[in-house]
Amino acid sequence: MVAISKFHPNEAIKEAYHAGQRIFGESKVQEMNAKHESLPQDIEWHFIGHLQTNKVKYIVSYVALIHSIDSYKLLIEVNKQAAKINRRIDCLIQLHIALEETKFGFSMDECRELLASGIWKDLKNIRICGLMGMATNTENIDQIKSEFHSLSNFFREIKTKWFAEENSFKELSMGMSHDYHEAIAEGSTLIRVGSKIFGERIY
């Protein structure tokens, strides 16, 4: 479970930390940097938001997993910045599975095209470990289940076709506070839970 701590103060994170939680997710680079510097160093920080290429350099030294790789350009930049400090960064490809236009991510065809091209294999300082997706923000449970089901099927397709020999390709990040039950039922390995842990966001 990734505890989504964005917009929540250090005190709330410490409370979760002392209860045993070690993986926390943030969506703003500046906020994550400040928390990384001031909180226990054994916290595993996951970046879950839209990541601008010019901000990558600020998190590569410590980020454990980037859930939100939504373009090949971003993948190149993560590789470039990681190479400078001799790190290999674990990344998830973000798929656009929701009906909302506001969500970022590859379409399934775009993802297939990228992987088929093979160009990503030259990026030695990143490791593609799986996929991430967000379901439509709706009360329609059948819609949510359908979107998670399609992403889960796509994950298996990608795993079989391009990562069959890669044990590290194992993560399917889907499901949040309101739909994690449906996500787990469809094979999610990482759920991103915020409000169910910390309460509603503080803006």
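As the structure is a prediction and not an experimental result, all values here were calculated from the model. (Residues numbered from 1 in each chain as written. Predicted model: local features only at pLDDT ≥ 70, side-chain atom pairs only at ≥ 80, totals over all residues. Heavy atoms only, no water.)

J.: Could you clarify how one ought to interpret the overall build of the protein chain in this entry?
T.: From N to C terminus, the protein chain includes seven helices and eight strands. Over its C-alpha trace the protein chain gives a radius of gyration of 16 Å, about what one expects of a compact globule, namely 17 Å for 203 residues. Oriented by its inertia axes, the alpha-carbon framework of the protein chain measures out at about 45 × 45 × 30 Å. By residue count, 50% of the 203 residues in the protein chain fall in the buried class. Nonlocal contacts in the protein chain, meaning residues at least 24 apart in sequence, comprise 56% of its contacts between residues at least 6 apart. Counting only carbon and sulfur atoms, one obtains 49% of the accessible surface of the protein chain, whose full area is about 10,200 Å². (Helix = DSSP H or I, 4+ residues; strand = E, 2+ residues; numbered from the N terminus. Rg over C-alpha atoms; globule rule 2.2 N^0.38 Å. Buried < 20%, exposed > 50% of the residue type's maximum accessible area, 1.4 Å probe, protein only. Contact = heavy atoms within 4.5 Å. Areas by Shrake-Rupley, 256 points an atom, 1.4 Å probe, with all protein chains shown as cover.)

J.: Sorry, what's going on with the side chain of Asp70 here?
T.: Within the secondary structure, Asp70 sits in the loop between β4 (65-69) and α3 (72-84). Despite its burial, Asp70 remains without a salt bridge, the nearest opposite charge being carried by Lys73 at 9.7 Å. At 2.8 Å, the side chain of Asp70 and the side chain of His50 are in polar contact. Discounting chain neighbours no more than four positions away, the residues touching Asp70 are His50, Gln94, Phe104, Gly105 and Phe106. (Lys, Arg positive; Asp, Glu negative; His and termini not counted. Salt bridge = Lys/Arg side-chain N within 4 Å of Asp/Glu carboxyl O. Polar contact = N/O pair within 3.5 Å; in protein donor to acceptor, adjacent residues only side chain to side chain.)

J.: Explain the packing of aromatic side chains here, please?
T.: Remark: the centre distance and the inter-plane angle together describe each pair of aromatic rings, the angle taken between the planes. Considering all chains together, one arrives at four aromatic pairs under this definition. Geometrically, the ring pair formed by Phe24 and Trp45 is tilted, given 6.1 Å between the ring centres and 45° between the ring planes. Of this pair, Phe24 sits in strand β2 (residues 23-26) while Trp45 sits in strand β3 (residues 44-47), placing them 21 residues apart in sequence. Note on Phe24: relative accessible area 0%, which makes it buried. Since its relative accessible area comes to 1%, Trp45 is described here as buried. Where Trp120 meets Phe163, the ring centres are 5.1 Å apart and the plane angle is 40°; that geometry is what we call tilted. Here the residue Trp120 occupies a position in the loop between α4 (108-117) and β6 (126-133), and Phe163 occupies one in the loop between α5 (141-162) and β7 (171-176), the gap between them amounting to 43 residues. Pair check on accessibility: Trp120 and Phe163 agree, each one buried. By the ring-pair criterion, three or more aromatic residues cluster together here, those being Trp120, Phe155, Phe163 and Phe169. (Phe/Tyr/Trp six-rings, centres within 6.5 Å; stacked < 30°, edge-to-face > 60°.)

J.: Mind showing me how you'd approach the environment of Glu113 here?
T.: Relative to the elements of secondary structure, Glu113 occurs in helix α4. Under the relative-accessibility criterion, Glu113 is labelled exposed at 60%. With 67 residues separating them along the chain, Glu113 and Tyr180 place their C-alpha atoms 29 Å apart.

J.: Even after reading the chapter, I still don't get unusual backbone geometry, so can you show me in this structure?
T.: The phi angle of most residues is negative, glycine excepted, and most peptide bonds adopt the trans form. Within the chain, Phe7 stands out as a residue other than glycine whose phi angle is a positive 70°. Counting through the fold element by element, Phe7 comes out in the loop between β1 (2-4) and α1 (10-18). Phi at Asn86 takes a positive value of approximately 60°, unusual for a residue other than glycine. The residue Asn86 is located in the loop between α3 and β5 (89-95) in this model.

J.: Hey, could you run me through the packing of α4 against α5 in this one?
T.: The description of two packed helices rests on the angle between their axes and on the distance between the axes. Contact pair α4 / α5: the axes reach a minimum separation of 12 Å and the direction vectors enclose 10°. Between α4 and α5, the angle falls in the class roughly parallel. In contact with Met108, Cys111, Arg112, Leu115 and Ala116 of α4, α5 contributes Ser150, Leu151, Phe154, Glu157, Ile158 and Trp162. Tallied by class, residues from the contact of α4 with α5 come to eight nonpolar, one polar and two charged. (Axes fitted to C-alpha atoms, helices over the stretch in contact; angles between N-to-C directions. Parallel < 35°, antiparallel > 145°, perpendicular 65-115°, else oblique. Nonpolar A, V, L, I, M, F, W, Y, C, P; charged D, E, K, R; others polar.)

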